[in-house]
Amino acid sequence: MKTLKETPIGATVKVVKLHGEGAVKRRIMDMGLTRGTEVYVRKVAPLGDPIEVQVRGYELSLRKADAGMIEVE
């Protein structure tokens, strides 16, 4: 299982599954990160948190903890 947190800069991946439950999962889905969506990893902050990704035509910053809940391929 590979997560968005482990994806290198410049890679494009596809969301396979969202882990987590309740409000956290709902918030991630509301940001456009749903199953089958392609995500491009643009930047990672110097200390590793947050991660900037491009999804559905816009830029989004995610905390490492949230990115670790997103399984990708």
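Residues numbered from 1 in each chain as written. Predicted model: local features only at pLDDT ≥ 70, side-chain atom pairs only at ≥ 80, totals over all residues. Heavy atoms only, no water.

Brief notes about the pattern of salt bridges
Proximity of charged atoms lets side chains of opposite charge pair with each other.
1) Next: Using the criterion set out here, one finds six salt bridges in the structure.
2) Next: Residue Asp30 is joined to Arg26 by a salt bridge in which the shortest nitrogen-to-oxygen separation is 3.4 Å. Remark: Arg26 and Asp30 occur in helix 1 (residues 23-30); sequence separation between them is four residues, near one turn of the helix.
3) Next: What emerges from the salt-bridge pattern is a single network uniting Arg42, Lys43, Glu52 and Glu59. (Salt bridge = Lys/Arg side-chain N within 4 Å of Asp/Glu carboxyl O. Helix = DSSP H or I, 4+ residues; strand = E, 2+ residues; numbered from the N terminus.)

Notes on the pairing of strand 5 (residues 58-62)
1) Next: Across five bridges, the pairing between strand 4 (residues 51-55) and strand 5 is antiparallel. Counterpart to Val55 in the pairing with strand 5 is Tyr58.
2) Next: In this antiparallel pair of consecutive strands, strand 4 and strand 5, the connection spans two residues, and Arg56 shows a positive phi of 55°. (Pairing = 2+ DSSP bridges.)

Quick look at the nonpolar core
1) Next: Counting 17 residues, the largest nonpolar core has Leu4, Leu33, Val39, Val53, Leu60, Leu62 and Ile70 as the members making the most contacts within it.
2) Next: Where this core is concerned, the elements lending two or more residues are strand 2 (12-18), strand 3 (38-44), strand 4, strand 5 and strand 6 (70-72).
3) Next: Apart from the residues within four sequence positions on either side, Val39 is in contact with Leu4, Ala11, Thr12, Val13, Val15, Leu33, Val53, Gln54 and Val55. (Core = buried A, V, L, I, M, F, W, Y, C linked by side-chain atoms within 4.5 Å. Buried < 20%, exposed > 50% of the residue type's maximum accessible area, 1.4 Å probe, protein only. Contact = heavy atoms within 4.5 Å.)

A short note on the side chain of Thr3
1) Next: As for its placement among the helices and strands, Thr3 is situated in strand 1 (residues 2-3).
2) Next: Using a relative accessible area of 5% as the deciding quantity, one classes Thr3 as buried.

Looking at the sheet that holds strand 3
1) Next: Taken in spatial order, the six strands line up as 1-6-2-3-4-5 in an open sheet, and their pairing is antiparallel. A strand with exactly one partner marks an edge of an open sheet, and here the two such strands are strand 1 and strand 5.
2) Next: The pairing of strand 3 with strand 4 spans five bridges and is classified as antiparallel. Opposite Val39, over in strand 4, you have Val55 as the bridge partner.

Considerations on unusual backbone geometry
1) Next: Each neighbour pair has its own omega, and for Asp49 with Pro50 the value is 10°, a cis peptide bond.
2) Next: Relative to the helices and strands, Pro50 is located in the loop between strand 3 and strand 4.
3) Next: Backbone geometry at Arg56 places phi at a positive 55°, although glycine is not the residue there.
4) Next: Note that Arg56 resides in the loop between strand 4 and strand 5.

Thoughts on the side chain of Thr7
1) Next: Inspection of the secondary structure puts Thr7 in the loop between strand 1 and strand 2.
2) Next: By relative accessible area, Thr7 is classed as buried at 6%.
3) Next: At 3.2 Å, the side chain of Thr7 and the backbone oxygen of Thr3 are in polar contact.
4) Next: Excluding residues that lie within four positions of it along the chain, Thr7 makes contacts with Lys2, Val13, Val41 and Val72. (Polar contact = N/O pair within 3.5 Å; in protein donor to acceptor, adjacent residues only side chain to side chain.)

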